[in-house]
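Letter by letter, the chains look like this.
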There are 2 protein chains.
Amino acid sequence: MVVYELELLKNRILTEGSVKGEDILKVDMFLNHQLDVELLNAIGKEFKERFTEKGITKILTIEASGIAIAVIAAQYFNVPVVFAKKVASQNLDNETYESSVYSFTKQREYKIRVAKKYLNKEDKILILDDFLANGRAALGLMDLVEQSGASTEGIGIVIEKGFQEGGQILKDKNIHLESLAVIEKFENGKVVLR
Amino acid sequence: MVVYELELLKNRILTEGSVKGEDILKVDMFLNHQLDVELLNAIGKEFKERFTEKGITKILTIEASGIAIAVIAAQYFNVPVVFAKKVASQNLDNETYESSVYSFTKQREYKIRVAKKYLNKEDKILILDDFLANGRAALGLMDLVEQSGASTEGIGIVIEKGFQEGGQILKDKNIHLESLAVIEKFENGKVVLR
């Protein structure tokens, strides 16, 4: 149990997170633009503890914000990271699994891709990401895993917007979901944690 | 001195890197798509050793490939990371430093931005990135640092394409540049290291 560090995460969300509009939480100070490496280590350790029984062989995330979380966590799991790419890149392998993700924040659909050779059917995948809101990114990543024949053993999220549908959608699919902080609601521009 | 680990990096470039066209080296297997966390730690330790005298207060990189390198290295420097963002994002702070970077790989210009509050004039910045080719990304990052009044104390690169102009441009500016592996040339689709 790393209760202390999780309290640290929650305190930073409450003190440094800023609410923008109806449903956007900015945590640029430590998670999405500036990165607090000590806090990332606490997050990584906590994910290891929560998924330690799963025999994880690979961590899958999505560029760009997920990369820092995944790579620090991977040190505790001792496994490689693969990050799905969001745009067609000249450098990407031609043989890819592909899925479509609708972003409510950016109000557009985008493709995510992983080169086939980095997901094998024996892999036990842990998906990690910074936010869970409507769940579209997580579902897209699960789709890539499913296409490869590997199994999604769990999904670890740093901040879940509990008032949006993503958490319920994933639970309905019997996915082992662990969200380190869950936002109950935004009230007068402030975060209320569950 | 971490000679052994650097040999590991060089061996992996030689055995797993694949040359595409005239000037593209794919190192998707461990640096750009799948991430080898043990190798990243060796890289991070080496950067710490090479810039240990510089009193670095912050590491600056650019999304997406630079993030993994920067965040692992930051553990040895015990400083935060800031990554420049490549696209206009609804979530980015309005008060930003901005620069333009021309990508030869993608044959287009793109903007890079950092929120002003994450670069302070007292900061001693280490810029880290995966590749150095024409030097445009490094110059763009240096421009952001200069706008903030902070100082660029050094630039650490994992793989420099020694046959392109970036290295010389940075040396001409008296920047302390450290490239862990330098590619002399591509020959018959193979990498020749310096």
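Caption draft 1: Highlighting the packing of helix H4 (residues 65–77) of chain A against helix H3 (residues 37–50) of chain B. Closest axis-to-axis distance for the H4(A)/H3(B) pair is 10 Å, and the angle between their directions is 105°. Classified by the angle between their axes, H4(A) and H3(B) sit roughly perpendicular to one another. Of the residues in H3(B), those touching H4(A) at A:Val71, A:Ala74 and A:Gln75 are B:Val37, B:Leu40 and B:Asn41. In terms of residue class, the contact of H4(A) with H3(B) is made up of 4 nonpolar, 2 polar and no charged.

Caption draft 2: Spotlight on the interface of chain B and chain A. Facing 37 residues of chain B, the contacting portion of chain A comprises 37 residues. Carbon and sulfur atoms make up 55% of the surface buried where chain B meets chain A, a total of about 3500 Å² over both sides. Inspection of the chain B/chain A interface yields 0 salt bridges. Counting every contact that joins chain B to chain A gives 15 residue pairs in polar contact (both at pLDDT 80 or more). Looking at the side of chain B that touches chain A, the elements that each hand over two or more residues are strand E2 (24–26), helix H2 (28–32), strand E3 (34–35), H3, helix H4 (65–77), strand E5 (81–84) and strand E7 (108–115) of chain B. Take the side of chain B that touches chain A: its biggest share by element is 6 residues, from H4(B). Considered class by class, the residues forming the side of chain B that touches chain A number 20 nonpolar, 8 polar and 9 charged.

Caption draft 3: Quick look at the pairing of strand E9 (residues 151–161) of chain A. Residues and elements named next belong to chain A. Judged by how many residues are buried, E9 sits mostly within the fold: 9 of 11 residues are covered. One ladder, built from 8 bridges, connects strand E8 (residues 124–132) with E9; its direction is parallel. In the sheet register, Asp129 faces E9, and the bridge partner there is Ile157.

Caption draft 4: Inspection of the pattern of salt bridges at higher detail. Per the stated rule, a full pass over the model turns up 24 salt bridges over all chains. In this structure, the salt-bridge partner of A:Glu98 is A:Lys111, at a minimum N-O distance of 3.6 Å. Here A:Glu98, found in strand E6 (residues 96–103), pairs with A:Lys111, found in strand E7 (residues 108–115); they are 13 residues apart in sequence, far enough to count as distant. The class for A:Lys111 is partly exposed, based on a relative accessible area of 40%. Between B:Arg50 and B:Glu46 there is a salt bridge, and its shortest N-O distance comes to 2.8 Å. Taken together, the residues B:Arg50 and B:Glu46, both in helix H3 and 4 residues apart, mark about one turn of the helix. Looking at B:Arg50, the relative accessible area reads 26%, which means it is partly exposed. The class for B:Glu46 is buried, based on a relative accessible area of 5%. In this structure, a network of salt bridges that share partners links the residues A:Arg12, A:Glu16 and A:Asp36.

Caption draft 5: Fine view of the sheet that holds E9(A). A sheet is described by the order of its strands in space; here 7 strands give the open sequence E11(A)-E10(A)-E9(A)-E8(A)-E4(A)-E5(A)-E3(B), paired in mixed fashion. The outermost strands of the open sheet, each flanked by one partner alone, are strand E11 (190–193) of chain A together with E3 of chain B. Note: strand E4 (residues 58–62) of chain A against E8(A), 3 bridges, orientation parallel. Bridge pairing in E8(A) links A:Ile59 to A:Leu126. The strands that helix H3 (residues 37–50) of chain A touches are E8, E9 and strand E10 (177–187) of chain A; relative to E10(A), the one it contacts most, it runs at about 120°.

Caption draft 6: Geometry of the relation of the copies chain B and chain A. Take chain B, turn it by 180°, move it 0.0 Å along the axis, and it overlays chain A with an RMSD of 0.0 Å. The relationship between the two copies is best expressed as a two-fold rotation axis. An overlap of 100% is found between the interface residues of chain B and their copies at the interface of chain A, pointing to a shared contact surface.

Caption draft 7: View of the confidence of the model for chain A. Looking at chain A, the pLDDT average stands at 93 and 95% of residues meet or exceed 70. What the predictor reports for the complex is a pTM of 0.95 with an ipTM of 0.94.

Caption draft 8: Seen up close, the pairing of E6(A). All names here are of chain A. The pairing of E6 with E7 spans 8 bridges and is antiparallel. Bridged to Tyr102 within E7 is Glu109. Between the antiparallel neighbours E6 and E7 lie 4 residues, among them Gln107 with a positive phi of about 50°.

Conventions used here
- Residues numbered from 1 in each chain as written.
- Chains lettered and ligands numbered in written order.
- Predicted model: local features only at pLDDT ≥ 70, side-chain atom pairs only at ≥ 80, totals over all residues.
- Heavy atoms only, no water.
- Axes fitted to C-alpha atoms, helices over the stretch in contact; angles between N-to-C directions.
- Helix = DSSP H or I, 4+ residues; strand = E, 2+ residues; numbered from the N terminus.
- Parallel < 35°, antiparallel > 145°, perpendicular 65-115°, else oblique.
- Contact = heavy atoms within 4.5 Å.
- Nonpolar A, V, L, I, M, F, W, Y, C, P; charged D, E, K, R; others polar.
- Buried area = accessible area lost by both parts, 1.4 Å probe.
- Salt bridge = Lys/Arg side-chain N within 4 Å of Asp/Glu carboxyl O.
- Polar contact = N/O pair within 3.5 Å; in protein donor to acceptor, adjacent residues only side chain to side chain.
- Buried < 20%, exposed > 50% of the residue type's maximum accessible area, 1.4 Å probe, protein only.
- Pairing = 2+ DSSP bridges.
- Least-squares fit on C-alpha atoms with pLDDT ≥ 70 in both.
- pLDDT = per-residue confidence, 0-100.

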